[in-house]
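# Fold and contact review
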Amino acid sequence: MLDVNNNNSKGHRVKTMNKVVANAHEALADVVANNQTFAVGGFGLCGIPEALIDALKEIGVTGLTCISNNAGVDDFGLGKLLQTKQIKKMISSYVGENKEFERQYLNGELEVELTPQGTLAEKLRAGGAGIPAFFTQTGVGTLIAEGKEVREFDGKDYILEQALVADIALVKAYKADKAGNLIFRKTARNFNPECAMAGKLTIVEVEEIVEIGELDPDSIHLPGIYVSRIVLNAQPEKRIEQLTLKTEI
């Protein structure tokens, strides 16, 4: 969408890109398909693009491969897509606290590719940077290294890890301008920037949208060049993963 109502300092009209879409369903409906690969931001229950996941569930595409640090819980995040059996494969670092995930995996209904957390982040970052693969010591001598090339550098073994690129990235940010420049809030940043970079098409849900030029350039965490579409979710659900209460003495 082009907004031609902005004027520059000389009074000339300047075309600027407005990437805001009315809702999550509209942002996804014309681009999602069966058997696609999705990179999904979040860590535990923090920074999850919940509105986009709900819309993906409603659209009903199946056979999905999801790259995400974890798979949510049974009734939140990617756990909802596991319940409807829309996911065929998870590429993850941590998969606990999800009974349906456990059930499907043990019954052979779900493929799982476990990846060390730092390696997963770097695989996404490398994919977004156009780097096809990299060597790392992480996983050397373990099951992670099986079937992978091993090379020696300075007397130490390294394994070759291939980068990850997704058809679509689903990302949660705190604030965006209409050009897609993003600000994340504290630990909710987590895997979201890396997922955004790795997506061929990146869709972001945010709590606040401002006009282009309102964000301090030094405060922007991810430039809009990585963002294709923006959806407003002004009142996201903010869960606490492990609720701890003081015990009365």
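Refer to the structure above for everything that follows.
Summarised in this report is the structure supplied together with it. (Residues numbered from 1 in each chain as written. Predicted model: local features only at pLDDT ≥ 70, side-chain atom pairs only at ≥ 80, totals over all residues. Heavy atoms only, no water.)

### Focus on the pattern of salt bridges
Selection rule: Here a salt bridge means any side-chain nitrogen of Lys or Arg lying within 4 Å of a carboxyl oxygen belonging to Asp or Glu. A run of H or I in DSSP counts as a helix once it spans at least four residues, and a run of E counts as a strand once it spans at least two, with each numbered from the N terminus. Categorising residues by exposure relies on relative accessible area from a 1.4 Å probe, with only protein chains included: less than 20% of the type maximum marks a residue as buried, more than 50% marks it as exposed, and the intermediate range marks it as partly exposed.
By the definition in use, this model includes 13 salt bridges. Note that Arg103 and Glu109 form a salt bridge whose closest N and O atoms lie 3.0 Å from each other. The partner of Glu122 in a salt bridge is Arg125, with the nearest N and O atoms 2.9 Å apart. Note that Glu122 and Arg125 are positioned in helix H5 (residues 117–129) at a spacing of three residues, about one turn of the helix. Looking at Glu122, the relative accessible area reads 25%, which means it is partly exposed.

### What about the sheet that holds strand E8 (residues 150–153)?
Inclusion rule: For two strands to be treated as a pair, DSSP must find no fewer than two bridges joining them. Fitted lines through C-alpha atoms give the axes, limited to the stretch in contact for helices. The angle between two N-to-C directions lies from 0 to 180 degrees.
Read from one edge to the other, the open sheet built from three strands follows the order E7-E9-E8, with strand pairing classed as antiparallel. Each end of this open sheet is capped by a strand with a single partner; those strands are strand E7 (133–136) and E8. Each strand of the sheet is rotated relative to its neighbour by a mean of 40°, with strand direction disregarded. Sheet analysis places E7 next to strand E9 (residues 156–162), joined by four bridges and oriented antiparallel. Bridge pairing in E9 places Phe134 opposite Glu161.

### Quick word on the state of the cysteines
For the record, the criterion: We call a pair of cysteine sulfur atoms a disulfide when they lie within 2.5 Å.
Applying the stated criterion across every chain, the model contains zero disulfides. The thiol sulfur of Cys66 is not disulfide-bonded, and the nearest other cysteine sulfur, from Cys195, lies at 10 Å. The exposure class assigned to Cys66 is buried, which follows from its relative accessible area of 0%. For Cys195, a relative accessible area of 1% gives the class buried.

### Considerations on the environment of Leu170
Here Leu170 lies in strand E10 (residues 166–177). With 128 residues separating them along the chain, Leu170 and Gly42 place their C-alpha atoms 9.6 Å apart.

### Points about the layout of surface pockets
To find leftover empty space, one rolls a probe the size of a water molecule over the atoms. Selection criterion: Using only the protein atoms, space was sampled on a 1 Å grid; points where a 1.4 Å probe fits but cannot get out form cavities, open sets with protein on both sides within 12 Å along at least five of seven lines form pockets, and lining residues are those with an atom within 4 Å of a point. Grid points are joined across faces, edges and corners, and a volume is the space filled by probe spheres set on the points. Each residue is assigned to one of three groups, with Ala, Val, Leu, Ile, Met, Phe, Trp, Tyr, Cys and Pro labelled nonpolar, Asp, Glu, Lys and Arg labelled charged, and all others, Gly among them, labelled polar.
Estimated volume of the largest pocket: approximately 340 Å³. Top contributing element to the lining of the largest pocket by residue count: E10, with three residues. Residue composition of the lining of the largest pocket, by class: 11 nonpolar, three polar and nine charged.

### Focus on the side chain of Thr136
Applied cut-off: Here a polar contact is recorded for every N or O atom pair within 3.5 Å, except that within protein the pair must consist of a potential hydrogen donor and a potential acceptor, and residues adjacent in sequence are included only if both atoms are side-chain atoms. By definition in these notes, contact holds between two residues if any of their heavy atoms fall within 4.5 Å.
Secondary-structure assignment places Thr136 in strand E7. A polar contact of 3.1 Å, which involves the side chain of Thr136, links it to the backbone nitrogen of Thr138. Thr136 has contacts with Thr119, Tyr158, Ile159 and Glu161, leaving out every residue within four places of it along the chain.

### Describing the nonpolar core
Proteins that are soluble and globular tend to have nonpolar side chains buried together. For the record, the criterion: Here, nonpolar core means buried Ala, Val, Leu, Ile, Met, Phe, Trp, Tyr and Cys residues that are tied together by side-chain atoms lying within 4.5 Å of each other.
Phe38, Leu56 and Leu170 are the most contacted members of the largest nonpolar core, which totals 30 residues. Among the secondary structure elements, those contributing two or more residues to this core are helix H1 (24–29), strand E3 (37–40), helix H2 (50–59), strand E4 (64–67), helix H3 (79–83), strand E5 (87–92) and E10. Broken down by element, this core gets its largest block of residues, four residues, from H2. Non-local contacts of Leu170, meaning those with residues more than four positions away in its chain, are made with Leu28, Phe38, Ala39, Val40, Gly41, Pro49, Leu52, Leu56, Asn192 and Ile203.

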